[in-house]
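Listed below are the residues making up each chain.
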Amino acid sequence: MTLNKEMNKTTNNRLLKMSSEYKQASFTTIISFLLTLVLALNSFGFGTQAAKPAVLAVTIAYAAFTVLQLWITRRIRHDVLTADTLQKSTRRFGWVLLLSGLTANFFMVSFAFNLIKTKKTPEYVFAVYMVMVQLFIVAVSALNLFKPYVADLFPLGMLVLLSVAFFYLIVLVLMARFVDEHAADKRLIWIAIPLILTAATGNLFALLLSVSLLLKIRRQKQPGISQWNLIWTKITRNTTAMLGMFFIVFVFAISVSSYLTFDYDLAIANNFAVLLQPPSLAYPLGTDDFGRDMFSRIVFGARISLIVGVLSTAIPFIVGGMLGALSGYYGRRTDNVIMRLLDILYAVPGILLAIAIIAAFGANTVNLIIALSVGAIPTYARTMRANVLMVSNLEYVDSARALGSGDMEILFKHIVPNSLAPMIVKATLTIGGAVIATSSLSYLGLGVEPHIPEWGNILKIGSTYLESHSYLAIFPGLAIIALVLSFNFLGDGLRDALDPKMD
Amino acid sequence: MQQQAIEQRNFRFTERIQSTFMKMQLRPLYYILLLVLGLPVTVAVFVLYVIRKKDDRSNRIHNDVYTQLRDSDYYRQLSEEFAEQIARKNQFFGTPEQEESVLKQSATQAEEELHKTATTRTAEILEAQGIRKTTFSQMFQTVLGNPRFLMVSFVPGLLMYGFILLFSNFYIKYVLERLVMSVFVILGVVVLVFTILYLSPFDPAANLLGEAATQQQIDAFNRLHGLDQSYIAQLWSAVQGIATFDLGMSYEGNENVAATIANKFPVTFLLTVFALVMALVVAIPVGIISATRPNSFLDYSLMFIALIGLSIPNFWQGLIFILGFSINLELLPATYSPSNWLSMIMPVVVLGTALTASVARMTRSSMLEVINEDYIITAKAKGLSRRYVLWKHAFTNALIPILTVIGLLFGGMLGGAAVTEKVFNISGIGSYIVDKQFVPDIPSILGGVVYIAITISIVNVIIDLLYAFVDPRIRSKMKQY
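### Re the interface of chain A and chain B
Facing the 45 residues of chain A at the interface are 48 residues of chain B. For the pair chain A and chain B, the summed buried surface comes to about 3,800 Å²; carbon and sulfur atoms form 81% of the total. Of all residues in chain A, L352(A), L444(A) and L466(A) give up the largest surface area on contact with chain B, accounting jointly for 14% of the area buried on that side. Across the chain A-chain B interface, the total number found is one salt bridge. Across the pair D492(A) and R361(B) runs a salt bridge, and its minimum N-O distance is 3.0 Å. Taken together, the connections running from chain A to chain B amount to four residue pairs in polar contact (both at pLDDT 80 or more). For the side of chain A that touches chain B, the secondary structure elements donating two or more residues are α14 (332-347), α15 (350-361), α19 (421-443), α20 (455-464) and α21 (471-498) of chain A. With 12 residues, the top contributor of residues to the side of chain A that touches chain B is α21(A). Classifying every residue of the side of chain A that touches chain B by side-chain character gives 31 nonpolar, eight polar and six charged.

See below:
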């Protein structure tokens, strides 16, 4: 290879890496290809030696869209290398790709929305994800239509979900038209307020969007970009972080809307007419040994996992954070006493301490949350202490002291808010760990009460049918992995966005 | 010639003791320990000190200087100055104070200032005259520098000299310090875990003997296991039991707890060590490959797999492995048996997955940080081979955070082994604790948890020593007192 050629290649690579569309396009191509492969493998029943027509049709649809995606990726590559920007005609193909939403290909839809709009504000991205979450919830809830009976509130719930989805679509269009990088139309305030109310359906993207919108309207004339906007711009550009956030919000929203659209009886009541059914339309993930619908059980299990995961992260976050802040700020004896006492807690592995606590006080959800929280306190305290030690030496703390602020005011007004970023990242990354710990302890019989449909409990039943009905063990495990993976994705994204070293 | 060599060695020996003593007496705790351990020597030196002190002139000079200063104009000036300062301060803040209190404050401040000046002047005078002020610790040091004194006092001060010699090697000093700290931490762990179990609302006697048990039977059970004693007495016997490896009999099955734990512990430990080895062998090359090709397709795929490894619950991974390798492919046995080493593979892989993933991610990020440093460019510019630069210059410097992660996660792995053991039906310490918790069998749980905590503490000491081995900066920090 001549030097010239090699240099050309390097510049090309750099150009391609700079283009966020190209990066997302190739990512989407690979994921779609993998999804198609998985579907293709599943479309052929090895037991019956015959193809399943429904799955095969979906596979073909996926394959077609993957080919289209590949072609668009090549086009983007060409555009970037020749003109440095994407041609309008390339962007128009995004509209075609939107059709892949019919096959529930989340990745492709998110890429299509990205491709359509040239300048992406965080508000636009939030709106896109908000709409997608809502549509997914509607679709998943609609699966209940195939059941022998539905919950009493199902029609009302679906009506609410659908109308909210319609409202979100309008919001998306408005966001695309009337919000740019620095300013938003003042009249949008009348959209932001109902938007906050719709967040009650569990769609947290709506909340994020309205907060972001209100902030932008308030800072209309001020120069510069706000911290909020800066951070969210970074996160919304990060495909995997958004993917994680999408799934978390989806799980949260489905656990909220399941109060309306899912029937709890299907998840807990025994139905001996349908024991150990394989997956079908009425029971999308099959039924277990008591004839309970796995799909409903997993949906209801999400609620427990989220609650336990979030609470057992929030408690040590607050307690450990306080202890760490006090010991970092006051130093000397306070520091020594607090940290040496926490060293004792730190010496016992979290899960072992949890087992000991549960052994003493019995296995139930409240004890589980306490047990998991206690073990996590020292790590939060250490993180917080290190941050506070660093921040306390900064000039603005000295100036606050010179202006006569008291210790508490300095600590909680100046130091703590500025040392929260690593704590938030840590918390996001450890929620996943808490979810795993919850299900592990439930699996051992030490967590949530066995009659509650929690993912670990479901898996425990599944593990006994591993040989004959392995889907009972596979699906809840996939749900756990997906949720934990999402928290890890989001945590990584947050770290990249909040860590100034990455710039 | 030989005589000289011996003398030199003697000299070096006294030098060593003297310098170590000098460093150690900087820490009050060590100083007290030294004085107490070498009590006969301390008394002897103290007598010497009192004798010497009599003809020490420094005190007299200090007193002279002080009275001189006090009587001179200097003191008056000082107090006036301070009074004025205080008055101005009060004026500025608008807080009027009484004349008397102002005078009082200024007098104390002036007195302080006076003392300071007197001390510095005395030091100047002493230095000019070539006299050294003798303090007790200085006296001790000088005496220790004398080989003859050392020889005479060696037997009575054996404990103290042993202590000094141990601490003259900073590695040993460090290990000893860490071990003493660990002992306290372990003591805390015993108190913590015992208290948790003591507070338990469950009654082991009722659980084990069943509902039909009479009060007499329950009382007999409680007496047998010491459950009728006070909290302090029970705690004391628990601490004693942990220290002497004699935890008595378990409530259920009446087996010797310490012996059972000793039986079950090796399997778990072996499992964790193998998992650790697997993690290192797989993760470090993966991390380095990822770091050398950042943001490439390979990097993304490897890191994605690592993230999945972090997100996968142990027990589910175990189940899927059993489903895949034992049930479908029939390659590996589904349950563990000590005689078949093949049955060890799946548990080790399952247990080590999280550690592998974390180490790979950590290796990548710390390598990336190091690889962009200037000295790497220098090393490349010197013409060193790529491999040499990577391993010698980059990797050794990236090791510290990797070691930290290993130290942190090893504990988690040992504690979390319970889940893996349950899945593969291994009778290790983790599943032992889980089995015993339903009673709850206090000595068994306490013993299991505390011995695992002890193992983790020892591993952490080793990791801290490895830090020093890897990083010369930490080595030099260890030498400081």
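### Observations concerning the pattern of salt bridges
Taken as a whole and judged by the stated rule, the model has 21 salt bridges over all chains. In this structure, K216(A) and E123(A) form a salt bridge, with 3.0 Å as the shortest nitrogen-oxygen distance. Placement of the pair is K216(A) in helix α9 (residues 204-218) and E123(A) in helix α6 (residues 122-142), with a sequence separation of 93 residues. For the pair K216(A) and E123(A), a shared accessibility class is recorded, and that class is buried. K436(B) is paired through a salt bridge with E255(B); the nearest N and O atoms lie 3.7 Å apart. Note that K436(B) is positioned in helix α20 (residues 429-436) and E255(B) in the loop between α13 (231-244) and α14 (257-292), a separation of 181 residues in sequence. We classify E255(B) as partly exposed; its relative accessible area is 31%.

### Quick notes on the packing of aromatic side chains
All names here are of chain A. Overall, the coordinates contain 30 aromatic pairs over all chains when judged by the stated rule. Seen from their ring centres, W71 and F93 are 5.0 Å apart, and the 80 degrees between their planes marks the pair as edge-to-face. Residue W71 is found in helix α3 (residues 53-83), and its partner F93 is found in helix α4 (residues 88-98); the two are separated by 22 residues along the sequence. Judged by its relative accessible area of 23%, F93 is partly exposed.

Quick notes on the rules
- Residues numbered from 1 in each chain as written.
- Chains lettered and ligands numbered in written order.
- Predicted model: local features only at pLDDT ≥ 70, side-chain atom pairs only at ≥ 80, totals over all residues.
- Heavy atoms only, no water.
- Contact = heavy atoms within 4.5 Å.
- Buried area = accessible area lost by both parts, 1.4 Å probe.
- Salt bridge = Lys/Arg side-chain N within 4 Å of Asp/Glu carboxyl O.
- Polar contact = N/O pair within 3.5 Å; in protein donor to acceptor, adjacent residues only side chain to side chain.
- Helix = DSSP H or I, 4+ residues; strand = E, 2+ residues; numbered from the N terminus.
- Nonpolar A, V, L, I, M, F, W, Y, C, P; charged D, E, K, R; others polar.
- Buried < 20%, exposed > 50% of the residue type's maximum accessible area, 1.4 Å probe, protein only.
- Phe/Tyr/Trp six-rings, centres within 6.5 Å; stacked < 30°, edge-to-face > 60°.

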